[in-house]
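Each chain, written out:
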Amino acid sequence: TSCAAMLLQAKGCKGTLKIQVVRPKPWVVKIVKGDKPFGAGLIYQNDSTSVGIQEVREGALKDYNARARPELQLLIGDSILKVNSIAGAAQQMVETMRTLTEFELTCTRAPKLTP
């Protein structure tokens, strides 16, 4: 459903409409690949400004998650906003993750909304 359709539907309702706006808090992690693959199924489009994590596989990401505190782990559904100083260009971020053996990721997770 589009935002416009939801707003039209809400406009026709009686009573109070409560809207909760929550901004995700980004965090930074350091990935050391060495000779391993990054180990993630990634999703993005050519004009995307971020890269989504679709799958966690064997590799540096799984190793990082095994050592990281739970709230700092990278999980399916998280988004990568920046790789080192590269932001806003998904293809370039993915290429950087493929070629470098160490890099920093700035990530976000959609917050859990409360009813």
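The structure this text deals with has already been given above.
Residues numbered from 1 in each chain as written. Predicted model: local features only at pLDDT ≥ 70, side-chain atom pairs only at ≥ 80, totals over all residues. Heavy atoms only, no water.

Brief notes about the overall build of the protein
Put simply, the test is: Every helix listed is a DSSP run of H or I at least four residues long, and every strand listed is a run of E at least two residues long, numbered separately from the N terminus. Both definitions apply: the radius of gyration is a C-alpha atom measure, and the globule rule equals 2.2 Å times residues to the power 0.38. Accessible area is worked out with a 1.4 Å probe on protein chains only. A residue is then buried under 20% of its type maximum, exposed over 50%, and partly exposed in between. By definition in these notes, contact holds between two residues if any of their heavy atoms fall within 4.5 Å. Only the protein chains shown count as cover for residues, and all accessible areas are computed by the Shrake-Rupley method using a 1.4 Å probe.
Along the backbone of the protein there are three helices and six strands. On C-alpha atoms alone, the protein measures out to a radius of gyration of 18 Å, which is more than a quarter above the 13 Å that the 2.2 N^0.38 rule sets for 115 residues. If you line up the protein on its principal axes, its C-alpha atoms span 60 × 30 × 25 Å. Taking all 115 residues of the protein together, 29% fall into the buried category. Taking contacts inside the protein between residues at least 6 apart in sequence as the whole, the part at least 24 apart equals 59%. When the accessible surface of the protein is totalled, it reaches about 8,200 Å², and 54% of it is carbon and sulfur.

A closer look at unusual backbone geometry
With phi around 55°, Asn84 is a residue other than glycine that occupies positive phi space. Residue placement: Asn84 occurs in the loop between strand S4 (79–83) and strand S5 (86–87).

Here we look at the environment of Lys36
To keep it simple, the criterion reads: Two N or O atoms count as a polar contact when they lie within 3.5 Å, although within protein this holds only if one can serve as hydrogen donor and the other as acceptor, and sequence-adjacent residues are included solely when both atoms are side-chain atoms.
With respect to the secondary-structure elements, Lys36 resides in the loop between strand S1 (27–32) and strand S2 (40–43). The partly exposed category is assigned to Lys36, whose relative accessible area is 38%. Between the C-alpha atoms of Lys36 and Ser85, which are 49 residues apart in sequence, the distance is 22 Å. A distance of 2.3 Å separates polar atoms of two side chains, one belonging to Lys36 and the other to Asp63.

Regarding the nonpolar core
Within soluble globular proteins, side chains that are nonpolar generally end up buried alongside one another. Quick note on the threshold: To qualify as a nonpolar core, a set must consist of buried Ala, Val, Leu, Ile, Met, Phe, Trp, Tyr and Cys residues joined through side-chain atoms within 4.5 Å.
Membership of the largest hydrophobic core comes to 22 residues, with the highest contact counts inside it found for Ile31 and Leu105. Secondary-structure elements contributing two or more residues to this core are S1, strand S3 (51–56), helix H2 (60–67), S4, helix H3 (90–99) and strand S6 (102–108). For this core, the leading source of residues is H3, giving four residues. Beyond its immediate stretch of four places on either side in the chain, Ile31 contacts Phe38, Ala60, Leu61, Tyr64, Thr101, Glu102, Phe103 and Leu105.

Notes on the side chain of Asn65
Along the chain, the position of Asn65 falls in helix H2. If sequence neighbours within four positions are ignored, Asn65 has contacts with Val56, Gln73 and Leu74.

So, the side chain of Thr106
Mapped onto the elements, Thr106 comes out in strand S6. In contact with Thr106, other than residues within four places in its own chain, are Pro26, Trp27, Val28, Ser79, Ile80, Leu81 and Lys82.

With respect to the pattern of salt bridges
The line we're drawing: Salt bridge, as used here, is a side-chain nitrogen of Lys or Arg placed within 4 Å of a carboxyl oxygen of Asp or Glu.
Under the defined criterion, the tally for this structure stands at seven salt bridges. As a salt-bridge pair, Glu102 and Lys30 come within 3.3 Å of each other at their nearest N and O atoms. Here Glu102, found in strand S6, pairs with Lys30, found in strand S1; they are 72 residues apart in sequence, far enough to count as distant. Here Lys30 falls in the partly exposed class, since its relative accessible area comes to 47%. Across the pair Arg109 and Asp78 runs a salt bridge whose closest N-O atoms are separated by 2.7 Å. Here the residue Arg109 occupies a position in the segment after S6, and Asp78 occupies one in the loop between H2 and S4, the gap between them amounting to 31 residues.

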